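Here is what each chain is made of, one letter per residue.
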Amino acid sequence: MIWAGAEGCRVRDEDGREYLDLSGGFGVAALGHSNPKIRAAIAAQPVMHALGDLAEAEVTVRLRERLGRPAKLGVTGEDAVEIALRTALLATGKAGIVAFEGAYHGTGLLALAATGFERFREPFAAWLPGPVHRFPYGEDPGPLPGDAGCVIVEPVQGRAGARVPPDGFLARLRERCDEAGALLLADEIYCGLGRTGALWRSGELADVLCTGKALGGGLPLSAALFRPGLERVWELGPEDVYTHTHTGNPLACAAALVVLDEVPSLLERVTAAGERFKAAGWHGVGLMRARPGDADEALRRGVIVIPAGEDGSLISATPPLTISDAEIDEALRRLS
C-alpha cells in the first residue's frame, strides 16, 4: 500500500481509496495527519538545518526550555533509548540492564539487546551488548542483580499489545533502583505525550524519560529527558560523544512546540475516547488499545491497524488523539 494523501484520521492510497487510520502512523500523528498548525510552524522557520550540538537554531533552544527537564535530543526513538542506556552506564559504571518480556525499545544493537522479542534479537545475537536480565512484565523483579546499572521499562507496552502493568509497578521499580544504586529509564516513546490520558505515564518516577514518535508531529525527533543534574555525566570533553547531523533539526523542533502546546488540552478527550474502544472489547488504556484480530483483514475493510502481540495475534489502535466519536464508531463498525 502506498499512501498518496493523509489528513486528520483519514489516509488515501494511490488508487484513491480512503481508509480510517487507527495506527496514527505508529502513534506519530498525535494531532492528526497534515495538522495545519504544525504545517504553519514548519513553514515559518527561517532556518532548515543548523549544526546540531555545535550551533542550534533559536527554535531548538525554545524547545529545550519547553521540555521542562534537561534534555539530549535525538532523531529516532531508538536514539533516546540509546542515550538513556548509555547514561546509566556513565552514571553507575555498571553495564547490566534489567528489561522485561514483551518489551520493544528499537532495533539499534543496544536497544535491541533490551527488546523482548526474540525474533528481532536472534539474527544479531552474536553482536548484542549485555548482560541483560529479563523479567516478566508487571512483576516485581526482586532485588536487582549486582551488575545492574538500570531498569528500562515501558509504562504501557506498545508492540506487545497495549499491555498495562498492575498499579504500583513503576513505583516498585523505583524502589528497586534506589536500593541498588541503579537508574530507572522510562521508555515513553509510544505511550507518552498524552496517549494514555496523561502527558507522561511515569510521572516524576524516572531518572531518564525517553520520548519520540509523536514529539516531532510527523518529523523525526526524539529526546531523553533527565532528572536535573544527571545530564552532567555527559560532560566528557570538548566534543559531544553521542550526536547526529540532524540533532535538534529546526523544522522538527518547531513541530514539537505545537505538539507540546496542544496535547495537554486533549487529555480528558483521550480518556473519554478510550472508553469507546473499551466498550467494544479493546484492552489497554486511553488511545493505546489492542484486541485479537488480523491487520490485513482490517485493511481490506478500510481500517489501518498495526499487528501486535508477542505472537502477532493482536491488532493495535493508536489513532490521532484528535479522532472524533463518529470516526471511532465508523472504524469499529467496519471491523465488527
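For clarity, every value in this text was computed on a predicted model and none was experimentally measured.

What counts as what
- Residues numbered from 1 in each chain as written.
- Predicted model: local features only at pLDDT ≥ 70, side-chain atom pairs only at ≥ 80, totals over all residues.
- Heavy atoms only, no water.
- Phe/Tyr/Trp six-rings, centres within 6.5 Å; stacked < 30°, edge-to-face > 60°.
- Helix = DSSP H or I, 4+ residues; strand = E, 2+ residues; numbered from the N terminus.
- Buried < 20%, exposed > 50% of the residue type's maximum accessible area, 1.4 Å probe, protein only.
- Lys NZ or Arg CZ within 6 Å of the ring centre and 35° of its normal.
- 1 Å grid on protein atoms, 1.4 Å probe; cavity = no way out; pocket = protein on both sides within 12 Å on 5 of 7 lines; lining within 4 Å.
- Points joined across faces, edges and corners; volume = space filled by probe spheres on them.
- Nonpolar A, V, L, I, M, F, W, Y, C, P; charged D, E, K, R; others polar.
- Core = buried A, V, L, I, M, F, W, Y, C linked by side-chain atoms within 4.5 Å.
- Contact = heavy atoms within 4.5 Å.
- Pairing = 2+ DSSP bridges.
- Axes fitted to C-alpha atoms, helices over the stretch in contact; angles between N-to-C directions.

(A) Layout of the packing of aromatic side chains. For the coordinates displayed, the defined rule picks out seven aromatic pairs. Considering the side-chain rings of Phe100 and Phe169, the 5.5 Å spacing of their centres and the 75 degrees angle between planes classify their relative orientation as edge-to-face. Within this pair, whereas Phe100 is found in strand β5 (residues 96–100), its partner Phe169 is found in helix α7 (residues 169–180), the two being separated by 69 residues in sequence. In this pair, the class of Phe100 matches that of Phe169, namely buried. Pairing Phe277 with Trp282 gives two aromatic rings, centres 5.5 Å apart and planes at 80 degrees, and the pair type is edge-to-face. Judged by its relative accessible area of 2%, Trp282 falls in the buried class. The rings of Phe100, Tyr137 and Phe169 are connected pair by pair, giving a single aromatic cluster. When the ring centre of Tyr104 is taken as reference, the NZ or CZ atom of Arg159 above it lies at 5.0 Å. The side chain of Lys213 reaches across the aromatic face of Tyr190, ending 4.6 Å from its centre.

(B) Region of the structure containing the layout of surface pockets. If you add up the space inside the largest pocket, you get close to 460 Å³. If you trace the largest pocket, you find 21 residues lining it, with Gly77, Glu78, Tyr104, Ile189 and Lys213 closest to the centre. Counted by class, the lining of the largest pocket contains nine nonpolar, seven polar and five charged residues. Taken as a whole, the second largest pocket encloses approximately 280 Å³ of empty space. Lining the second largest pocket we find 16 residues, and of these Arg64, Ala71, Lys72, Trp234 and Asp240 sit closest to its centre. Among the elements that make up the lining of the second largest pocket, the one with the highest residue count is strand β4 (residues 71–74) (three residues). Among the residues making up the lining of the second largest pocket, the classes are represented as six nonpolar, three polar and seven charged.

(C) Up close: the nonpolar core. If you look at the biggest cluster of nonpolar residues, it comprises 51 residues, and the most contacted ones within it are Leu22, Leu63, Leu67, Leu215 and Phe277. With nine residues, the top contributor of residues to this core is helix α8 (residues 250–262). Non-local contacts of Leu215, meaning those with residues more than four positions away in its chain, are made with Leu67, Leu193, Leu221, Ser222, Ala223, Ala255, Ala256, Val259 and Leu260. Within the second largest apolar cluster, 23 residues are counted, among which are Val81, Ala88, Ala111 and Leu230.

(D) Fine view of the pairing of strand β3 (residues 18–21). Sheet topology places strand β2 (residues 10–13) next to β3; three bridges connect them, and they run antiparallel. Looking at the pairing, Val11 lines up with Tyr19 of β3. Where β2 folds back onto β3 in an antiparallel hairpin, the turn is made up of four residues, including Gly16, whose phi is positive at roughly 90 degrees. In terms of strand pairing, β3 meets strand β13 (residues 303–304) through two bridges, oriented parallel. When the bridges of β13 are listed, Asp21 appears paired with Ile304.

(E) Focus on the environment of Pro250. Structurally, Pro250 is set in helix α8. Taking relative accessible area as the criterion, Pro250 reaches 1% and is therefore assigned buried. Considered as a pair, Pro250 and Gly142 are 108 residues apart in the sequence and their alpha carbons are 44 Å apart.

(F) Inspection of the sheet that holds β13 at higher detail. Ordered by their spatial adjacency, four strands build an open sheet running β1-β2-β3-β13, and the pairing between neighbours is mixed. Where the open sheet ends on each side, the last strands, each with one partner, are β1 (3–7) and β13. Note: β1 against β2, four bridges, orientation antiparallel. Residue pairing across strands places Glu7 opposite Arg10, the latter belonging to β2. Across the face of the sheet, helix α11 (residues 325–335) comes into contact with β2, β3 and β13 while running at roughly 110 degrees to β3.

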